[in-house]
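Here is what each chain is made of, one letter per residue.
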Amino acid sequence: MRLLLLSDTHAPRFTFPSVLWPHVAAADVVVHAGDWMTVSLLDELSSRARRLIGVYGNNDGPDLRARLPLVATATLSGVRLAVVHETGPAAGREARCATRFPDTDVLVFGHSHIPWDTVAPTGLRLLNPGSPTDRRRQPHATFMTATVSAGALTQVDLHNVPR
């Protein structure tokens, strides 16, 4: 199962990169960890993705909050996934998230625009794909792809969005 992991697209301030549409088409599941900013992007991703799992972020207004949860969960080929926008400061993140999401194998989050890939002592994998549009202080705008196979996350790749 192929996953596309996104967060912090901040439309319409930023245009959704056209380079991502083939990744959307190739993914079995598109995961968006919030800060969409417009319903039109949610609608377009919903119409193009085979399956979309998303949450709202701190910059998303009432129209998005009415359609998206604060936390989303799903089991994908045996992998227990949770998605949330904010996880708090980097210091202590793994322990804090392991406590908050004890029955989760993979947690996808956003907010910082900083790519993150770590594993908590409990085995919880924490992934932040960064932002494909607003790199802030990062050298590149980014997104992630991942593969789920036989009940495990078998591959995670961080991709730079070409300028």
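Above this text sits the structure in question.
Residues numbered from 1 in each chain as written. Predicted model: local features only at pLDDT ≥ 70, side-chain atom pairs only at ≥ 80, totals over all residues. Heavy atoms only, no water.

What follows covers the sheet that holds strand S6 (residues 106-108). Strand pairing within a sheet occurs via backbone hydrogen bonds; the two strands may be parallel or antiparallel. Here five strands make up an open sheet; going across it, the order is S4-S5-S6-S8-S7 and the pairing mixed. For this open sheet the edge positions go to strand S4 (71-76) and strand S7 (116-119), each flanked by a neighbour on one side alone. When strand polarity is set aside, the average angle formed by the axes of neighbouring strands in this sheet is 15 degrees. Strand contacts of helix H4 (residues 93-100): S4, strand S5 (79-84), S6, S7 and strand S8 (125-128), with the helix running at about 70 degrees to S7, the strand carrying the most contacts. (Pairing = 2+ DSSP bridges. Helix = DSSP H or I, 4+ residues; strand = E, 2+ residues; numbered from the N terminus. Axes fitted to C-alpha atoms, helices over the stretch in contact; angles between N-to-C directions. Contact = heavy atoms within 4.5 Å.)

Glancing now at the side chain of Asp134. With respect to the element layout, Asp134 can be found in the loop between S8 and strand S9 (142-149). Exposure remark for Asp134: the relative accessible area of 9% places this residue in the buried category. Every residue in contact with Asp134, bar those within four places of it in the chain, is listed here: Arg13, Phe14 and His113. (Buried < 20%, exposed > 50% of the residue type's maximum accessible area, 1.4 Å probe, protein only.)

Time to look at helix H2 (residues 39-48). Given 3.6 residues per helical turn, the α-helix brings residues three or four places apart onto the same face. Of the residues making up H2, those classed as buried are Val39, Leu41, Leu42 and Leu45. Angularly, the buried residues of H2 cover 160 degrees about the axis, an arc narrow enough to put them on a single face. In H2, the exposed positions angled more than 90 degrees off the buried face are occupied by Ser40 and Ser47. Looking at the buried side of H2, the elements it contacts are strand S1 (2-6), helix H1 (21-26), strand S2 (29-32), strand S3 (52-54) and helix H3 (62-65). (Arc of directions from axis to C-beta.)

Time to look at the packing of aromatic side chains. Centre-to-centre distance and the angle between the planes together describe a pair of aromatic rings. Summed over the entire model, instances satisfying the criterion amount to one aromatic pair. Note on Phe16 and Trp21: the rings are 4.6 Å apart at their centroids and 50 degrees apart in plane angle, and the pair reads as tilted. For Phe16, a relative accessible area of 12% translates into the label buried. Above the face of the Trp21 ring, Arg48 is positioned so that its terminal group lies 3.9 Å from the ring centre. A cation over a ring is seen here: Arg93 above Trp116, with NZ or CZ 4.4 Å from the ring centre. (Phe/Tyr/Trp six-rings, centres within 6.5 Å; stacked < 30°, edge-to-face > 60°. Lys NZ or Arg CZ within 6 Å of the ring centre and 35° of its normal.)

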